[in-house]
Every structure is written in C-alpha cells, then in structure tokens.
Amino acid sequence: MENTILLSGFSDEISPDFETQLVTVQSLGLKHIEIRGVNGRNISEYTPQEAKTLQAAMDAHGIRVSSVGSPCGKIKITDDFAPHFEQFKNVVALAKEFGTRNIRMFSFLIPEGDNPAAHRDEVLRRLEKMVEYAVEQDVVLLHENEKEIYGDVATRCRDLFEQLGGDHFRGVFDFANFVQCGQDTLEAYEMLAPHIAYIHIKDARLADGQVVPAGMGDGHVSQLLGRFKDSGYRGFLSLEPHLQSFVGYHALEAGAADKKEESDGTMPFTMATNALKSILWDLNWR
C-alpha cells in the first residue's frame, strides 16, 4: 500500500488458535494484526513475559502488532475503577513488548436508561488518569466509538477529544458502530476527522443493525475512505469483520453453507479483506 495505509485486522475472528490466525493473515498478505483474543484468552490477561512468546510466534510469520485491541474502558462507569486501572497498566506493558504505541480503548459503559451527561464528570476523571499514564509511558490511547459507552455518538466523542485530545489520546473511526447507534457517518467524519488516527473496517445496515462487508451497508465506507485518502490519512485500516452471522454470507460465498462452522472465521475474514481491497482498488489507494 505504498506506506500510505497499512492493512491490519482482529485476527481472533479467524480462529481462537493463534497459529491459525497468523497463517491465515499471512496468506492474505497482511503484515499486521490488532491483537485481542489469543488461544481463548483476552490479550489483557497475558503477562509481559507471556507476550514475549507470542511475539516470537509473530516474528516467525513476519507479522507485527498494529494495536493492542484491549477492553480498557469497557466496564460500567459505576464499576470499581482501581482494579481496572491496574489491568490498563498491564496492557500498556504488553504494548511495549509488542513494539506498538497503539492501544484501543473505550469510554465506559453507561447504565441502561441513564443520561450519559450524568456520568460525564466521572468519565473524564477516569480517562484523564489513563491519558496521564499514557503520556508518562509514551503510548497512544485510541478511543473507539462503541455502542452503549459515553463516546458512542459523534458529539460525545468530540467532547472527549476537546477535553483530553492530543498526541496520546486520539480516535478510532468505526463505521458500523456509528450506524448501529443511529449516527450518520458523514456527519461524524465532519466532526471528528482531525482527531482520527486509526480506522476500523466494518459496515452495517441502518434498518436492522446487521454487520455486513464494507460497502454493503449504510456506513458510506467507500465515500469516507476516499475523503480520508484525500485528506492525507496515513495509518492503519483494521478489519473487524463480525461476519459469522451475516445473513448474506451463504449467498455470497459458494459452498459456505457446507464449509462454515461457528468456530471457523477464515472465509468471513477473507470476504471482509477482499471487500476492503476492492474499495481501495477503486479509490486507487494502494
């Protein structure tokens, strides 16, 4: 991709088995993964010493980590923060072992029925502490616009970046998550573009929230990738397919009904990769 963009992905959607993940992404021409689930464990549960073993496996396949796909910030805002902050510090140590500064994170789950504004002060207090540690450790916290957290829609994402944004707190742009929150992605781009440092590639339909291959939903993926390209975006496009339950999967992939099992994400991940590559080809972004 001529060093302007690099493809990555949540390889645990291929298989829980790490070796299978690495073999598959290598076969698809990817040189990076967003590491999240490894051999049935969330990456945040690993120790830095165990991370050395995982890094050796990646080295053997020529694979590097684009970002640690951590669950940091994905607890209820009413949950105890102290043990979660210790987990966060462990994730920072893991990022260093993997040779990446990037850590995907969230802005805390809001209790159902609550007004997010009622929890804003506590969200900012917790995030400020995390950002201060990120500055100290020279890592980059990448906030993902996830459903049901404080920063789920563009206005509240912008609020976070206006309060805490900088070199160590940037944004992930996730098309499908915005669609599933009823947030127009074109509007979100206009509000957040200066803060975006990482892009998740998945699309969704507005009618039912179903995740679909990039370009087949209502996320305006092709149009916005074109705008990211024109704006000079340089960085990662990270595939997060979520296609195992995609209702059109069998129709799009001949033989999929016979081959697909719930634990085998190879074909859906391949479909997602090819859909993105097709868009990039049309955009002449390669």
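The structure under discussion appears in the preceding block.
Novice: Can you explain the nonpolar core? Please cite residues and give values.
Specialist: With 77 residues, the main nonpolar core has I35, F98, M130, L225 and L237 as its most contacted residues. Ranked by residue count, the leading element in this core is helix α3 (residues 81–98), at eight residues. If near-sequence neighbours (up to four positions away) are discounted, L225 is found in contact with F175, I199, I201, L237, L276, I279, L280, L283 and W285. Counting residues in each nonpolar core, the second largest holds five residues, with L142, V172, Y198 and F236 among its members.

Novice: Now, about the environment of A197: what can you tell me, with residues and values included?
Specialist: By secondary structure assignment, the location of A197 is in strand β9 (residues 196–201). Exposure remark for A197: the relative accessible area of 25% places this residue in the partly exposed category. Expressed as a C-alpha distance, the spacing of A197 and S15, which sit 182 residues apart in the sequence, is 27 Å. Sequence-distant contacts of A197, that is, excluding residues within four places in its chain, are made with L142, R170, G171 and Y233.

Novice: With reference to specific residues and values, describe the packing of helix α5 (residues 154–164) against helix α7 (residues 185–192).
Specialist: Packed helices, taken two at a time, are described by the angle their axes make and the gap between the axes. Relative to each other, α5 and α7 sit at 15 degrees, their axes nearing to 9 Å. In terms of their interaxial angle, α5 and α7 are classed as roughly parallel. In the packing of α5 onto α7, the handedness of the crossing is right-handed. Where α5 approaches α7, its residues A154, T155, C157, R158 and F161 are matched on the opposing element by A188, M191 and L192.

The rules behind the values
- Residues numbered from 1 in each chain as written.
- Predicted model: local features only at pLDDT ≥ 70, side-chain atom pairs only at ≥ 80, totals over all residues.
- Heavy atoms only, no water.
- Core = buried A, V, L, I, M, F, W, Y, C linked by side-chain atoms within 4.5 Å.
- Buried < 20%, exposed > 50% of the residue type's maximum accessible area, 1.4 Å probe, protein only.
- Helix = DSSP H or I, 4+ residues; strand = E, 2+ residues; numbered from the N terminus.
- Contact = heavy atoms within 4.5 Å.
- Axes fitted to C-alpha atoms, helices over the stretch in contact; angles between N-to-C directions.
- Parallel < 35°, antiparallel > 145°, perpendicular 65-115°, else oblique.
- Left-handed = near helix turned anticlockwise from the far one by under 90°.

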